[in-house]
Amino acid sequence: MATKHEQILEHIESLSVGSKISVRGIAKALNVSEGTAYRAIKEAENQDLVSTMERVGTIRIEKKKKENIERLTFAEIVNIVDGQVLGGREGLYKTLSKFVIGAMKLEAMMRYTEAGSLLIVGNRTNAHELAVKEGAAVLITGGFDTSETVKKLADEKKLPVISTSYDTFTVATMINRAIYDQLIKKEIVLVDDIYTSYSHSKFLRSADLVSRWHDFNTETGHSRYPVVDQQNRVVGIVTSRDVIGKDKNMRIDKVMTRNPMTVHAKTSLANAAHVMVWEGIELMPVVDPSHKLQGIISRQDVLKALQHIQRQPQVGETIDDLATNRMEILEENDTSPVWKTMVTPQMTNPLGTMSYGVFISLITEASSRLLRKYKKGDLVVENISVFFIKPVQIESEIEVRPEILEVGRKFAKVDIEVHHNKSVVGKALLMAQLIDR
């Protein structure tokens with residue numbers, strides 16, 4: 001039987017897109033406490049089922065597909081620009097296909113304004129009205145209001161008209177930044193993207209007999225299976241080590257390993273890889289927030305996906321990318337190559353010198369490149385000890401010199417020195433686990 005928390009989530013999911021949701025309303029409708037309703041609404045927000053905005057409240061939104069993540073909803077625009085909704089609240093869940101800056105004559109502006117777009121314009125009521133009639137939402141800059149006619153029209157067409165105190169240039173920059181952040185999120189591969197779903201997973205129930213494990217093993221050739229209880233919650237895992245020499249008529253819950261490590265679908269693939277390598281795990285159950293089985297992920301799946309990611313071109317750049325993309329090989333050597341790079345404005349701290357975070361990124365990247373060449377594998381950092389770091393000014397050219405001190409089948413120890421003008425400006429020791437390709 002579903003818990004109250006799960007019942008509330010199912011109720012929220014059944015509501016039509018655009019519906020307004022309140023803690024008191026949910027508590028009254030489902031006869032639960034307001035605390036339970038609040039926690040469930042927060043979970044629904046984490047699952048992208050609802051969105052909460054100041055001066056608007058919580059509304060049911062359409063869950064965005066991974067491939068359309070770079071499209072923002074009008075609700076997200078309100079949050080980005082600290083906006084106030086003047087009309088068309090029921091359309092806040094819709095996504096915008098493009099935005100148009102209204103800094104031209106009315107006729108020219110309307111040529112670019114189409115259904116699904118967002119017109120960013122100042123105090124031009126006639127432009128507001130024409131845009132809504134064309135099926136576009138409107139973002140009014142400078143803190144201006146609009147006419148009652150436009151508000152009424154926006155409500156009828158369910159197209160948001162939003163007001164913000166920021167100027168047009170600032171608003172366009174903020175929205176561009178948000179879209180760029182979404183592109184980076186899109187590139188981050190999650191467990192959700194690669195795991196084997198529940199319907200295609202083999203799993204055992206706690207009341208099953210050991211003979212069931214042998215049946216699965218003969219059928220699939222695999223030796224590891226999650227174990228679930230009557231509510232489909234993961235309670236254990238069974239491997240060949242657990243069943244060897246055991247009576248085939250014993251119950252699975254008598255031989256299984258209890259409280260296995262699990263992972264959520266929204267966990268990043270890199271994080272899952274770290275856990276699996278660190279703990280030496282070959283298979284992990286994927287669970288939902290209620291610990292119910294959603295599927296499984298294997299170490300082989302993770303490693304294949306990581307190799308695939310490295311061959312993909314990137315669209316959005318992270319801070320790490322900005323710091324490491326300029327690194328060029330200066331001296332090629334099998335055990336101690338040298339990379340050079342320039343300290344750019346983005347790589348500095350408030351004092352105008354290279355930041356500590358960038359220093360860590362550079363030594364990690366240099367070590368990774370060296371080990372990838374030497375071992376044909378990738379590293380998962382276990383520990384970095386920084387012995388010292390001296391200030392390096394903006395636009396200084398630095399050299400990063402990693403040297404392998406020790407390397408085994410599954411671990412490596414690298415000594416790194418950073419030089420500027422033939423002086424050592426940083427020194428660190430990196431220890432890492434290796435992921436074989």
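Our subject is the structure that appears above.
Throughout this document, residue positions are counted from 1 along each chain, in the order its sequence is written. In keeping with the predicted nature of the model, local features appear solely for residues at pLDDT of at least 70, side-chain atom pairs appear and are counted solely at 80 or more, and the whole-chain, interface and lining totals rest on all residues. Only hydrogens and water are set aside when side-chain values are computed; all heavy atoms of the structure are taken into account.

1. Comments concerning the sheet that holds strand E10 (residues 204–205)
Hydrogen bonding along the main chain pairs the strands of a sheet, whether they run parallel or antiparallel.
Next up, step 1: Strands sit in the order E10-E11-E12-E13 across an open sheet of four strands; the sheet is mixed. Looking at the sheet topology across the chains shown, the edges are occupied by E10 and strand E13 (257–258).
Next up, step 2: Looking at chain direction, strand E11 (residues 225–228) and strand E12 (residues 234–238) are connected through four bridges and run antiparallel. Within the sheet, the bridge partner assigned to Val 228 lies in E12 and is Val 234. Note on pairing: two strands pair once DSSP finds at least 2 bridges between them. Going along the chain from the N terminus, every DSSP run of H or I of four or more residues is numbered as a helix, and every run of E of two or more is numbered as a strand.

2. With respect to the packing of helix H2 (residues 23–30) against helix H3 (residues 34–46)
Next up, step 1: Only the contacting stretch of a helix is used when fitting its axis, a line to C-alpha atoms as for every element, and angles between N-to-C directions run 0 to 180 degrees. Where H2 contacts H3, the two axes come as close as 8 Å, and the packing angle between them is 115°. Crossing of H2 over H3 shows right-handed handedness. On the side of H2, the interface is formed by Val 23, Arg 24, Ile 26 and Ala 27, while H3 contributes Glu 34, Ala 37, Tyr 38 and Ile 41.
Next up, step 2: Across the contact of H2 with H3, the residue classes tally to six nonpolar, no polar and two charged. In this scheme, a crossing is called left-handed if the near helix is turned counterclockwise away from the far one by less than a right angle; it is called right-handed if the turn is clockwise. Here, two residues are considered to be in contact whenever any of their heavy atoms come within 4.5 Å of each other. Following the grouping adopted for this structure description, the nonpolar residues are Ala, Val, Leu, Ile, Met, Phe, Trp, Tyr, Cys and Pro, the charged ones are Asp, Glu, Lys and Arg, and the polar ones are all others, Gly among them.

3. Overview of the pattern of salt bridges
Next up, step 1: Here, a salt bridge means any Lys or Arg side-chain nitrogen found within 4 Å of an Asp or Glu carboxyl oxygen. In this structure the tally under the stated criterion is 17 salt bridges.
Next up, step 2: Across the pair Arg 251 and Asp 253 runs a salt bridge, and its minimum N-O distance is 2.7 Å.
Next up, step 3: When its relative accessible area of 36% is taken as the criterion, Arg 251 is described as partly exposed.
Next up, step 4: Under the relative-accessibility criterion, Asp 253 is labelled buried at 15%.
Next up, step 5: Its salt-bridge partner being Glu 406, residue Lys 413 comes within 3.7 Å of it at the nearest N-O pair.
Next up, step 6: For every residue, the accessible area obtained with a 1.4 Å probe (protein chains only) is divided by the maximum for its type, and the residue is called buried under 20%, exposed over 50%, and partly exposed between those limits. Residue class for Glu 406 comes out partly exposed when judged on its relative accessible area of 37%.
Next up, step 7: One network of salt bridges, with partners in common, ties together Asp 145, Glu 148 and Lys 151.

4. Let's talk about the packing of aromatic side chains
Next up, step 1: Put simply, two rings from Phe, Tyr or Trp (the six-membered ring, in Trp's case) pair if the centres are within 6.5 Å, and we call them stacked under 30 degrees between planes, edge-to-face over 60, tilted for the rest. What the rule picks out here adds up to two aromatic pairs.
Next up, step 2: An angle of 35° between the planes, with centres 5.1 Å apart, marks the rings of Tyr 198 and Phe 203 as tilted.
Next up, step 3: For the pair Phe 216 and Tyr 225, a centre-to-centre distance of 5.4 Å together with 55° between the ring planes defines the contact as tilted.
Next up, step 4: Relative accessible area serves as the criterion here: at 6%, Phe 216 is assigned to the buried category.
Next up, step 5: The class of Tyr 225 is buried, set by a relative accessible area of 2%.

Interpretation note: all reported values are geometric properties and have no functional meaning in isolation.
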